[in-house]
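Observations on the model geometry
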Amino acid sequence: MNRLIGKTAIVTGATAGIGFKTAELLAEQGVDVIITGRRKERLEEIKNDLENRFRINVQTAPFDIQDADACSTFIEALSVDIDILVNNAGLAKGTDPVFAADFEDWDTMIDTNVKGLLYLSRLISAKMKERNSGHIINVGSVAGHESYAGGVVYTATKHAVKAITESTKKDLHGTNVRVSMVSPGLVETEFSEVRFGGDKEKAASVYKGIQPLTALDIAEIILFVANRPAHVNIMDTIIYPVAQSSATMVHRND
Ligand code: NAP
C-alpha cells in the first residue's frame, strides 16, 4: 500500500549513492522531492531525469550542509510543507588512527555528519511539531553501533547520529512526528572514494571479494520505514551484506 503519494520529502546528499536512490524511489511512489547536495549540475540532471520519468515536482537546493546560514536560508525559502526529511548527506574522511589523523578531516566529518544533520533537524522539526505531522529519517551506520580502529571520528559522528535520533524522538514525545534511523553496513557508493581522497583502487579494495549492499538496498529500507502506517515508528534498522557480520568482520572470496 502506497501511503506516500502526494507527500513532499527533502533528501539531503541526493547527488549520489543512497540519497540519489532514495530520491528516485520516493519520486516513483509519487512524492515531490527536494534534493540537496553541493554539486549543482548533478542536481539539475537528476531533477530533469526524475521529472521526465515520474509525475512529480523536483526542487533542487545546492548548498553545503556544513554552513548553518545556508541551511537556514534553504529552509526559510521553502514554499511547501515537508512531510519527510531524509538526513542522508554524510561522509568519512581517512582511516588514520587517533594519534595521526588530520584535524581538517575531523572537522569535515563532524560539521557534515553531526552539525549539518542537526541544523536541518532543528529547522524542520519545529515546523513538523507545529503541524503535528512529519517524519525525520536519519541515515546512521553500523559505525554508530560499533567503533573500529581507523574510524575514531567517523564512528563518533555516527554514534552521535544514533543519540540525536533517540533524543529527537524523545523531544517530540507526545506529537505525531516520527523519528527513525537506518544503519547500513558496507554499501558500494562514492563513499569509499571520498574516504580515500579519490583513490579509486583503494576504494575498490573495500568491496573486493564480497557482494556489498547497493544504494538501492538501503533506499528500499528507507522507503519501507517511511511508508509504515502513521502509528508505526521504526527507530532503527541494521543492514549488513551477508558477507559482513560486524563493522570489521568481512568474509572475502579471493
Ligand atoms: P556518497 O555516494 O558519497 O554520497 C554522499 C552524499 O552526501 C552526496 O550526495 C554528497 O553530495 C553529500 N554530501 C557530502 N558532504 C556534503 C556537504 N558538506 N553538503 C551537502 N551534501 C554533502 O555516499 P553514500 O554511501 O551514499 O552515503 C550516504 C550516507 O550513508 C552517509 O551519511 C554515510 O555516512 C552513510 N553510510 C554509508 C555507508 C557506505 O558503506 N556507503 C555505510 C553506512 C552509512 P555532494 O558531494 O554533491 O555535496
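Conventions used here
- Residues numbered from 1 in each chain as written.
- Predicted model: local features only at pLDDT ≥ 70, side-chain atom pairs only at ≥ 80, totals over all residues.
- Heavy atoms only, no water.
- Pairing = 2+ DSSP bridges.
- Helix = DSSP H or I, 4+ residues; strand = E, 2+ residues; numbered from the N terminus.
- Right-handed = clockwise from strand over helix to strand, strands pointing away.
- Axes fitted to C-alpha atoms, helices over the stretch in contact; angles between N-to-C directions.
- Parallel < 35°, antiparallel > 145°, perpendicular 65-115°, else oblique.
- Left-handed = near helix turned anticlockwise from the far one by under 90°.
- Contact = heavy atoms within 4.5 Å.
- Buried < 20%, exposed > 50% of the residue type's maximum accessible area, 1.4 Å probe, protein only.
- Polar contact = N/O pair within 3.5 Å; in protein donor to acceptor, adjacent residues only side chain to side chain.
- Patch = residues over 30% accessible without salt bridge, like charges linked within 9 Å, V, L, I, M, F, W, Y side chains within 5 Å.
- Areas by Shrake-Rupley, 256 points an atom, 1.4 Å probe, with all protein chains shown as cover.
- Salt bridge = Lys/Arg side-chain N within 4 Å of Asp/Glu carboxyl O.
- Core = buried A, V, L, I, M, F, W, Y, C linked by side-chain atoms within 4.5 Å.
- Near = heavy atom within 4 Å.
- Nonpolar A, V, L, I, M, F, W, Y, C, P; charged D, E, K, R; others polar.
- Expected span 1.5 Å × (residues − 1).

1. Side note on the pairing of strand β3 (residues 58–62)
With 5 bridges connecting them, strand β2 (residues 32–37) and β3 associate as parallel partners. Residue pairing in the sheet places I35 in a bridge with T60 of β3. For the crossover that starts at β2, traverses helix α2 (residues 40–53) and ends in the parallel β3, the hand is right-handed.

2. A look at the packing of helix α1 (residues 17–28) against helix α8 (residues 215–226)
At a minimum axis separation of 8 Å, α1 and α8 run at an interaxial angle of 50°. The orientation of α1 relative to α8 falls into the category oblique. As α1 runs across α8, the sense of the crossing is right-handed. Touching G17, I18, K21, T22, L25 and L26 of α1 are A215, L216, I218, A219, E220, I222 and L223, all from α8.

3. Considerations on the environment of N233
Here N233 is to be found in the loop between α8 and β7 (238–239). Residue N233 is classed as partly exposed on the basis of its relative accessible area of 22%. Sequence separation of N233 and L216 is 17 residues, and the distance between their C-alpha atoms is 22 Å. With residues near it in sequence (within four places) discarded, N233 still touches K169, V177, R178, V179 and S180. Reaching out from N233, the side chain makes a polar contact with the backbone oxygen of V179 at a distance of 2.8 Å.

4. A closer look at a nonpolar patch on the surface
Judged by side-chain polarity, V98, F99 and V152 come together as a nonpolar surface patch covering roughly 330 Å² of accessible area. Its place among the elements puts V98 in the loop between β4 (84–87) and α4 (103–131).

5. Let's talk about the nonpolar core
Counting 35 residues, the largest nonpolar core has L26, V33, I35, L50, I218 and I222 as its most contacted members. Those elements giving two or more residues to this core turn out to be β1 (8–11), α1, β2, α2, β4, β5 (135–139) and α8. Sort the elements by how many residues they give to this core and α8 lands first, with 7 residues. The next biggest cluster of nonpolar side chains, apart from the first, holds 19 residues, and it includes I10, I34, L120 and I124.

6. Some thoughts on unusual backbone geometry
We note that N132 has phi near 55°; this positive angle belongs to a residue other than glycine. As for its placement among the helices and strands, N132 is situated in the loop between α4 and β5. Classification of N132 by relative accessible area gives partly exposed; the value is 34%.

7. Side note on the site of the ligand
Taken together, 29 residues form the shell around the ligand, and within it T15, R38, D64, Y154 and T189 come nearest. Side-chain polar atom of Q66 to a nitrogen atom of the ligand: 3.5 Å apart, as the coordinates give it. At 2.7 Å from an oxygen atom of the ligand is found a side-chain nitrogen or oxygen belonging to Y154. Residues that form the shell around the ligand fall into these classes: 12 nonpolar, 12 polar and 5 charged.

8. Digging into helix α5 (residues 152–171)
Over its 20 residues, α5 runs 28 Å from end to end, which matches the ideal 28 Å to within 8%, given 1.5 Å per residue. Taken together, the buried positions of α5 are occupied by V153, Y154, T155, T157, K158, V161, I164, T165 and T168. Lining the buried residues of α5 we find α4, β5, β6 (178–184) and α6 (191–195).

9. Digging into the environment of V206
Within the secondary structure, V206 sits in helix α7 (residues 200–206). Note on V206: relative accessible area 18%, which makes it buried. As a C-alpha pair, V206 and S192 span 14 residues in sequence and 7.4 Å in three-dimensional space. Excluding residues within four positions of it along the chain, V206 makes contact with L186, S192, F196 and R252.

10. Concerning the pattern of salt bridges
When their charged atoms lie close together, side chains carrying opposite charge are able to pair. Tallied over the full model, the rule gives 11 salt bridges. Here R39 and E190 are joined by a salt bridge, their closest N and O atoms 3.1 Å apart. With a gap of 151 residues between them, R39 in the loop between β2 and α2 and E190 in the loop between β6 and α6 connect regions that are remote in the sequence. Of the charged contacts in the structure, one is a salt bridge between R131 and D83, with a shortest N-O distance of 3.3 Å. Pair noted here: R131 is in helix α4 and D83 is in the loop between α3 (68–76) and β4, with a separation of 48 residues, a long-range link. Among the residues examined, D83 registers a relative accessible area of 17% and is labelled buried. A network of salt bridges, in which partner residues are shared, links K21, E24, D49 and R53.

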